[in-house]
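# Observations on the model geometry
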Amino acid sequence: EKVIEGLNKMLEGYEGSATFLIENSAGAGDGIGGSFEELGFILKSLKHKKVGVCLDTQHSFGYGYDGRDRKKAETALKEFDKHVGLKYLVMMQVNDSKVECGEKKDRHEHVGKGHIGKEAFGWFVQNPKLAKVDMVLETEFEGRAEDVKILKSFRKK
């Protein structure tokens, strides 16, 4: 409720064209917005309607949403749609994970070098439900060119 109150106060009177994005958390410590249910509750409780979500794949995985294969990723996306709504999904940070699923830690890894695995990112890139969602990387600069190369290779398939 404090988060909602603070965000409503911050957005009060805003009339610009930018969309305010809320990013999911990995659930570490006192983090808020790790579960899709909690994220959806926050989003739908805001008075301002120019808001959306940035979904971080590592944070989702770290929280406990397993997306390592197509079936698990589809299940996680259905949960997101049920609690948040795909219409609010504006951007994704496509990061692999240095930690296992459900460890509640925020530890990004280069695509294909972590516990999520390269194949999962092919599903994200090729999924028609995510075709209009901007995808960005939040990995260390060194190695990012290879991440981009891997992600672009999935567009050709």
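The structure this text deals with has already been given above.
Residues numbered from 1 in each chain as written. Predicted model: local features only at pLDDT ≥ 70, side-chain atom pairs only at ≥ 80, totals over all residues. Heavy atoms only, no water.

## Here's the deal with helix α4 (residues 70-83)
- Given a rise of 1.5 Å per residue, 14 residues ought to cover 20 Å, and the 20 Å separating the end C-alpha atoms of α4 matches this to within 8%.
- Contacts from the buried residues of α4 go to α2 (36-45), β2 (51-56), β3 (89-93) and α5 (118-126).
- Between a side-chain oxygen at the N-terminus of α4 and the backbone nitrogen of lysine 71 the separation is 3.1 Å; the capping residue is aspartate 69.
- Residue glycine 85 follows α4 closely and has a positive phi angle near 105°. (Helix = DSSP H or I, 4+ residues; strand = E, 2+ residues; numbered from the N terminus. Expected span 1.5 Å × (residues − 1). Contact = heavy atoms within 4.5 Å. Polar contact = N/O pair within 3.5 Å; in protein donor to acceptor, adjacent residues only side chain to side chain.)

## Looking at the pairing of β2
- With respect to burial, β2 is a largely interior element, 6 of its 6 residues being buried.
- Neither face of β2 is exposed, since Val51, Val53 and Leu55 on one face and Gly52, Cys54 and Asp56 on the opposite face are all buried.
- Where the polypeptide runs from strand β1 (residues 20-23) across α2 and back to β2, its parallel neighbour, the crossover connection is right-handed.
- Sheet analysis places β2 next to β3, joined by 4 bridges and oriented parallel. By the bridge assignment for β3, cysteine 54 is matched with methionine 91. (Buried < 20%, exposed > 50% of the residue type's maximum accessible area, 1.4 Å probe, protein only. Right-handed = clockwise from strand over helix to strand, strands pointing away. Pairing = 2+ DSSP bridges.)

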